[in-house]
Each structure stands twice: as structure tokens, then as C-alpha cells.
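# Architecture and fold: a report
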Amino acid sequence: MPDNSPAAATTVAAEADIIRPRLRTDHHIWGIYIVLLIFSVIELFSASSQEVRVDDIYGPLVRHAQFLVAGFGIMLVIQHFHYRYVVKAIPWLVIGSILAMLYVLVAGVTINGARRGMRLAGMVILPAEFIKLAVALGVALIMSRYQVKGRRDVARHGIILCVVLTLVSSGLLFTQGLTNTLLLMCISMAMMAIGGVGFRKFWTVILIYGLIGGGALGVKMLTARNAAPTPEAIEMARLNHEEVGQGNTSDRSATWTGRISRHFRLNKHQDPISDINKQEQLSYIAQAHGGITGVGPGKSRENARLPLAFSDYIFAIIVEECGLVFSVFLLLCYLWLLGRAGFVAVRLRRTPACFLMIGCGVYIVIQALFHMAIVSGVFPVSGQPLPLISKGGTSVLATSVALGVMLSVSRHAARTDDTDTEAATRELQSLPENLRTDNPTQL
């Protein structure tokens, strides 16, 4: 006869609690996610006025909402699984992203005058968005695998692999834009700095990135200087409101040179508006119009004139409608996400969990900072989406994957303040032998 007494029920419940670790829902990450969704829905509807038609007013918002819903589903699925499955999937994500980028270079879909996308399941995917996430996760995995036991450092072989992965991925992105290349290098360097790479190794990596990146850019500009512009170059220059000039702008060399030279001009904000500087000048006008408190949601004056207001320049519309106060609040939300990632990471027992949490946080926040810096004029003009807010299905999905990984780690990873030693032991045994090092932030 089964024992149905209260004492027996309590014993069974206690045993079940040992077998199944307590799951945590990180309210900070969820709260930031909800705030970003609110900004995304409200501001994208206003910024998409150039795409609105009389017979389809809500079309752009509905299409964006579909990707937000898909991303939400991805987050729920990933957070349900233990992060060890994410660790196993990282090599496949890296390989798949590299192969997709190679395909784009050969037979990709032309977007804005350059090959950037590939068709998959009836929609256009931008592999560049996933390769940025793949580099962040790949560097996290490599640094976890080559963590030096007993001290906070990464072995030389691990540093070499991180540099090779970053440079290969940067090379594949180089033809699409200089900003993505710099973004990957910044993500890689931020991961190494947080992961405790030795001082000499870290500065050696910076030197390597500087020499190879600067050398590649210099060679590219020199070889393209005297080349005749191709029809694709002329079309891309027209779409980007750039001058064709001399040189083959199909490889973006003349475009980069023109943008950088304009960026360092004194009093550039006072230049008359032309087809060449239309984007940045209208962006500055929109932000100045917003002032401290903004003109109010849906009351933007520049959303119909500013090119790519719904994607690469959506932060300008946010500043115009919400003002400086709410724009700073949005910036703090992204920084809060990175701070929360660090807060959780230092309390985790194992290195892979720590680096996955930090890697995803760095990937999202650095991309957001790049977008805001470009729109506000701190960086030269370039295309970079604002994570989860800018229109772009691939960017929304990639960001959702990163947030799902963060939720999975915060939910399943054992922490130093846990009293459930059995769960911590099972986590250790579930990881590969070379990924069982202690969290370096605890040493």
C-alpha cells in the first residue's frame, strides 16, 4: 500500500527538489525586454511613414510585429533548455554563419546596392546579423575551453583561435561595411578584457587588429582609387546618397572615404543639406527638434524625409519624439542589460555560463552603442540597427536568440550562493571535460 501520509509527501517533494534544481526567472532581463518592445512598437510605427500606403496603414507595423512574436517564441524555447545545449550548438552556428556569408558573397540578394541577403523559406535573411552573434558566442566558447586553471587568464592557443575567428568573420563582412568589421573586433576585445586575458596578450591582439584592419582598408582604397565606377557602384551611390567620384565604389572604398572625411569636418552641422549629407543632416535636425522632452509619440516632423528612419536612423526619431530624457532612459536600459549580465556572471560557478552571459550582453549593448553613436554624430555615417527596435527581421531574431541564451544561463546555471550542491555537481558532470573550469571572476 502506498504511503499517503503528509510526512511521506514532504519527503518525496524534498527528493524531487534535489533532482530538479530551482529555476529562476530573471525579472531584470524580462523587464528590459518589455521596455524595448514598447519603444519598438511605438517608434517604428511612426518611423515607417515612408512605407505606409493608403490601403495598408498598419502593414509595416504588422510585419515587424510578426518578427517580434517569432523572436518571443525563440526566447521562450531557448530559455527552457539548459545552456549546455547552447554550448553544443555554438560550433554549428559559427560554421553555418560563415557558409551563409560565403554564399552571399557569391550569389546573395542585392540590397541597397550590395549583396547582403539570401532567400530562405520565402523571406530574405541577412547572415551578417547572425555572424555577429556567432562571433560573440564562439569567442565565449573558446575562452571557456582554454581558460587557465587556477588563475584568471586564457591560454595562448585560445587567444589565437579567437583572433582567427574574429578576423575571418570580419573579412567576410568587410565588403558590406566598415562598421560591422569594427563591431566584431570590439566585441572580441571586450570579451577578452572581461575574460581576464593577460595585459600583454590583450595589447598584442589590439595591435594585430589595428595592423590587419588598417592595412586591408588602405590596400582596398589604393586599388580602387583609379578604377572606373561600375553600374552597380553608381546605383549603390545613388541609394546611399553618396557621390560616385573616382574609384570603384562597388567595394565601398569611396563611400567610406567620403563619409570619414565629412565626419571630421569642422562645423559639419552647418553645411547645407545636399544629396551627399542628407542622412546625417536630417538626423541632426530631428534630434534638435526633439529637445529635452520631445514633441510626442507620432508627431515626428522628419520621419517622412529622413532616409532609413525606420532602421539605421530610428534613434533620431526616438530623440525627436521622446526627447533627451527618454532617449537617455533607453540608453540606460541597454547599459542596465549589460550590468545585469555582469551581476549574474560573477555569481556563476562555471566558466561557460559566465562567458555566455557576458558574450550575449556585450553583443547586444555594443551594437546599440554603435547605432546611437552613428546617429548622434560621434561615429561616421554607417548602417547599424538598434537591437530589437529597428525594423529588420533578421536583427530581431538574432537579438532574441541572444536574450534567450541569457535567460537560459540565468535560469539553469548553478551559482556560488546555491545550497543545492547536487544540482551543481550534475551541472559539472553534464559539461565536457575541457569546459569544467571554475568561473575566473571568482578566483
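Quick look at the structure, then. (Residues numbered from 1 in each chain as written. Predicted model: local features only at pLDDT ≥ 70, side-chain atom pairs only at ≥ 80, totals over all residues. Heavy atoms only, no water.)

## Observations regarding the overall build of the protein chain
The number of helices and strands found in the protein chain is 15 helices and 3 strands. By the burial criterion, 51% of the 443 residues in the protein chain qualify as buried. Taking as baseline every contact in the protein chain between residues at least 6 positions apart, the subset at least 24 positions apart corresponds to 72%. Carbon and sulfur atoms form 66% of the exposed surface of the protein chain, whose accessible area is close to 20300 Å². (Helix = DSSP H or I, 4+ residues; strand = E, 2+ residues; numbered from the N terminus. Buried < 20%, exposed > 50% of the residue type's maximum accessible area, 1.4 Å probe, protein only. Contact = heavy atoms within 4.5 Å. Areas by Shrake-Rupley, 256 points an atom, 1.4 Å probe, with all protein chains shown as cover.)

## Overview of the packing of helix 4 (residues 83-107) against helix 5 (residues 127-145)
Packing of helix 4 against helix 5 leaves a shortest axis separation of 9 Å and a crossing angle of 145°. Between helix 4 and helix 5 the crossing geometry is left-handed. Residues Val-87, Ile-90, Pro-91, Leu-93, Val-94, Ser-97, Ile-98, Ala-100, Met-101 and Val-104 of helix 4 form the contact with helix 5, whose participating residues are Pro-127, Ala-128, Phe-130, Ile-131, Ala-134, Leu-137, Gly-138 and Leu-141. Partitioned by chemical class, the residues of the contact of helix 4 with helix 5 number 16 nonpolar, 2 polar and no charged. (Axes fitted to C-alpha atoms, helices over the stretch in contact; angles between N-to-C directions. Left-handed = near helix turned anticlockwise from the far one by under 90°. Nonpolar A, V, L, I, M, F, W, Y, C, P; charged D, E, K, R; others polar.)

## Points about the packing of aromatic side chains
In the structure shown here, the tally under the stated rule is 6 aromatic pairs. With 5.7 Å between their ring centres and 80° between their planes, Trp-30 and Tyr-33 make a pair best called edge-to-face. Taken together, the residues Trp-30 and Tyr-33, both in helix 2 (residues 27-47) and 3 residues apart, mark about one turn of the helix. Owing to a relative accessible area of 15%, Trp-30 belongs among the buried residues under this scheme. We note Arg-347 situated over the ring of Phe-343; from NZ or CZ to the ring centre the distance is 3.7 Å. Just above the ring of Phe-310 sits the side chain of Lys-391; from NZ or CZ to the centre is 5.4 Å. (Phe/Tyr/Trp six-rings, centres within 6.5 Å; stacked < 30°, edge-to-face > 60°. Lys NZ or Arg CZ within 6 Å of the ring centre and 35° of its normal.)

## Some points on the side chain of Asp-26
Mapped onto the elements of the fold, Asp-26 is located in the loop between helix 1 (6-19) and helix 2. Setting aside its immediate chain neighbours within four residues, Asp-26 contacts Arg-340, Val-344, Leu-407 and Ser-410.

## Structural notes on the side chain of Ser-283
Tracing the backbone shows Ser-283 in helix 11 (residues 278-290). At a separation of 3.0 Å, a polar atom in the side chain of Ser-283 contacts the side chain of Gln-287. Those residues within four positions of Ser-283 in sequence are excluded, and the remaining contacts are Leu-306, Tyr-313, Ala-316 and Val-375. (Polar contact = N/O pair within 3.5 Å; in protein donor to acceptor, adjacent residues only side chain to side chain.)

## Some thoughts on a nonpolar patch on the surface
A cluster of nonpolar side chains, contributed by Ile-292, Leu-324, Val-325, Phe-326, Val-328, Phe-329, Leu-332, Leu-335 and Leu-369, occupies part of the molecular surface with about 780 Å² of accessible area. The leading source of residues in the nonpolar patch is helix 12 (residues 314-345), at 7 residues. Assignment of secondary structure puts Ile-292 in the loop between helix 11 and helix 12. (Patch = residues over 30% accessible without salt bridge, like charges linked within 9 Å, V, L, I, M, F, W, Y side chains within 5 Å. Salt bridge = Lys/Arg side-chain N within 4 Å of Asp/Glu carboxyl O.)

## Some words on helix 13 (residues 351-376)
Here helix 13 contains 26 residues, and its C-alpha end-to-end distance of 37 Å stays within 8% of the 38 Å for a straight helix at 1.5 Å per residue. A large share of helix 13 lies buried, amounting to 24 of its 26 residues. Gly-377 lies just past helix 13 and shows a positive phi near 95°. (Expected span 1.5 Å × (residues − 1).)

## Remarks on unusual backbone geometry
Even without a glycine there, the phi angle at Leu-388 is positive, about 75°. When you line up the elements, Leu-388 lands in the loop between helix 13 and helix 14 (393-412). Since its relative accessible area comes to 1%, Leu-388 is described here as buried.

## With respect to the environment of Met-143
Counting through the fold element by element, Met-143 comes out in helix 5. Among the residues examined, Met-143 registers a relative accessible area of 0% and is labelled buried. Expressed as a C-alpha distance, the spacing of Met-143 and Leu-435, which sit 292 residues apart in the sequence, is 9.6 Å. Excluding residues within four positions of it along the chain, Met-143 makes contact with Val-154, Cys-162, Met-191, Met-192, Gly-195, Val-197 and Phe-355.

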